[in-house]
Amino acid sequence: MSDRVIVTIKDGIQKLTINRADKKNALTQEMYAVLANSLNTAEKDADIRVSVITGTADSFTSGNDLMDFLQNPSSDEEKPVIQFLHALANIRKPLIAAVNGLAVGIGTTMLLHCDLVYASEDATFSLPFVNLALVPEAASSMLLPKMLGHQRAAELLMLGDTFTPQKALEFGIINEIVVPEKLEETSMAAAAKLAAKAPEALRLTKSLMKGDTDLVLKQMQAEGEVFGTRLTSPEAREAMQAFMERRLPDFSKFS
Ligand code: COA
């Protein structure tokens, strides 16, 4: 198994640690596959009561690997990123995120599928899809307006600026901001509490709160279709190229 995602299981808690610090924990298809398989295993394995996802060093995750976007521009249902999104939507067991640093793109959208989210004071959040000439994913184009109202969701998804843990708390995307040295302890304590509860009651409670998962899956599919065409668009090529060349994108030539 890849050491770019470290998977441990102890006392009913499955911990998934994204571990590619030299690339700010950018996610490759191989890493998504480990994340998706792990969540699918958690769903089936009676010994796993709760999953916790976290990062390493200064990053939770800087989102999808941008080279991967360039080299592998499809949104095929079999693609590991899509499998991961489906696992997030389908998992009935509790999922906790411990956001230790940068949470870019899917680093923020996956939080919308978590049950409890703890963030370090050092965390930052951003949804820069439009800045990359892409569109939102993980059903965030539906879930964020539903949670926040259109204008606040548009602020995050259309301006695409980095936002603070204070704003994430105010918007209800996270539960609590903790000092960095308490993040692991706080999130693992919550996981231990959940691991001791009646598992079926928890699963049913989560299902009742989440409602119709098909709507989420349908939105993911609609987003995926547009996302796939955007990836090969000249606008997105310019945005990715600009990132690689460490310059600002120039969208002035597009109509
Ligand atoms: N995909 C691929 N590589 C990435 C990456 C990503 N999403 N995010 C960071 N990296 C790489 C950088 O290319 C750099 O690699 P190098 O050392 O080989 O040059 C390394 O990680 C460190 O990143 P750097 O940009 O130097 O760090 P920073 O602290 O100045 O900035 C970010 C961090 C996350 C703000 C910046 O890297 C960034 O904007 N990344 C892209 C995020 C993104 O758009 N994700 C997709 C969302 S849909």
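Note that the coordinates shown come from a computational prediction; the quantities given were computed from them, not determined experimentally.

## A look at a nonpolar patch on the surface
Taken together, the side chains of M67, F243 and M244 define a hydrophobic patch exposed on the protein surface, amounting to about 280 Å² of accessible area. Checked against the element boundaries, M244 lands in helix α11 (residues 234-244). By relative accessible area, which is 33% here, M244 ends up partly exposed.

## Here we look at the sheet that holds strand β9 (residues 176-178)
Strand order in the open sheet formed by 6 strands is β1-β2-β3-β5-β7-β9, and the pairing between neighbours is mixed. Taken across any chain shown, the strands that pair with only one partner, and hence form the sheet edges, are β1 (5-10) and β9. Strand-to-strand twist across the sheet, computed as the mean angle between neighbouring axes with direction ignored, equals 20°. Bridging between β1 and strand β2 (residues 13-18) involves 6 bridges; their strand directions are antiparallel. Each bridged residue has a counterpart across the sheet, and for V5 the counterpart in β2 is I18. Across the face of the sheet, helix α1 (residues 29-44) comes into contact with β1, β2, β3 (50-54) and β5 (95-99) while running at roughly 170° to β2.

## Concerning the site of the ligand
Not every one of the 14 residues close to the ligand is listed here, only the nearest: K23, S62, N64, L66 and R246. Between the ligand and S62 there is a distance of 2.8 Å, counted from a nitrogen atom to a backbone nitrogen or oxygen. Take N64: an N or O atom from its main chain is 3.1 Å from a nitrogen atom of the ligand. In isolation the ligand exposes 860 Å². Once the protein is present, 66% of that is buried.

## Observations regarding helix α6 (residues 150-159)
Listed in full, the buried residues belonging to α6 are A153, A154, L156 and L157. Looking at the packing, one finds that the buried side of α6 touches α5 (140-148). Phi for G160, located one or two positions after α6, is positive at around 70°.

## Comments concerning a negative patch on the surface
On the surface, a cluster of negative charge is contributed by D76, E77, E78 and E225. Mapped onto the elements, E77 comes out in the loop between α2 (66-71) and α3 (80-90).

## Observations regarding the packing of α5 against helix α10 (residues 213-231)
Closest axis-to-axis distance for the α5/α10 pair is 8 Å, and the angle between their directions is 125°. One element, α5, and the other, α10, form an angle in the oblique class. Taken together, the residues of α10 that come into contact with α5 (itself represented by S140, S141, M142 and L143) are L215, V216, Q219 and E223. Of the residues in the contact of α5 with α10, the class split is 4 nonpolar, 3 polar and 1 charged.

## Quick notes on unusual backbone geometry
The residue K24 is not glycine, and still its phi comes out positive at about 55°. Inspection of the secondary structure assignment puts K24 in the loop between β2 and α1. With a phi close to 50°, R246 is a non-glycine residue in the positive phi region. Mapped onto the elements, R246 comes out in the segment after α11.

Here is what the cut-offs are and how they apply
- Residues numbered from 1 in each chain as written.
- Predicted model: local features only at pLDDT ≥ 70, side-chain atom pairs only at ≥ 80, totals over all residues.
- Heavy atoms only, no water.
- Patch = residues over 30% accessible without salt bridge, like charges linked within 9 Å, V, L, I, M, F, W, Y side chains within 5 Å.
- Areas by Shrake-Rupley, 256 points an atom, 1.4 Å probe, with all protein chains shown as cover.
- Salt bridge = Lys/Arg side-chain N within 4 Å of Asp/Glu carboxyl O.
- Helix = DSSP H or I, 4+ residues; strand = E, 2+ residues; numbered from the N terminus.
- Buried < 20%, exposed > 50% of the residue type's maximum accessible area, 1.4 Å probe, protein only.
- Pairing = 2+ DSSP bridges.
- Axes fitted to C-alpha atoms, helices over the stretch in contact; angles between N-to-C directions.
- Contact = heavy atoms within 4.5 Å.
- Near = heavy atom within 4 Å.
- Polar contact = N/O pair within 3.5 Å; in protein donor to acceptor, adjacent residues only side chain to side chain.
- Lys, Arg positive; Asp, Glu negative; His and termini not counted.
- Charge placed at Lys NZ, Arg CZ, Asp CG, Glu CD.
- Parallel < 35°, antiparallel > 145°, perpendicular 65-115°, else oblique.
- Nonpolar A, V, L, I, M, F, W, Y, C, P; charged D, E, K, R; others polar.

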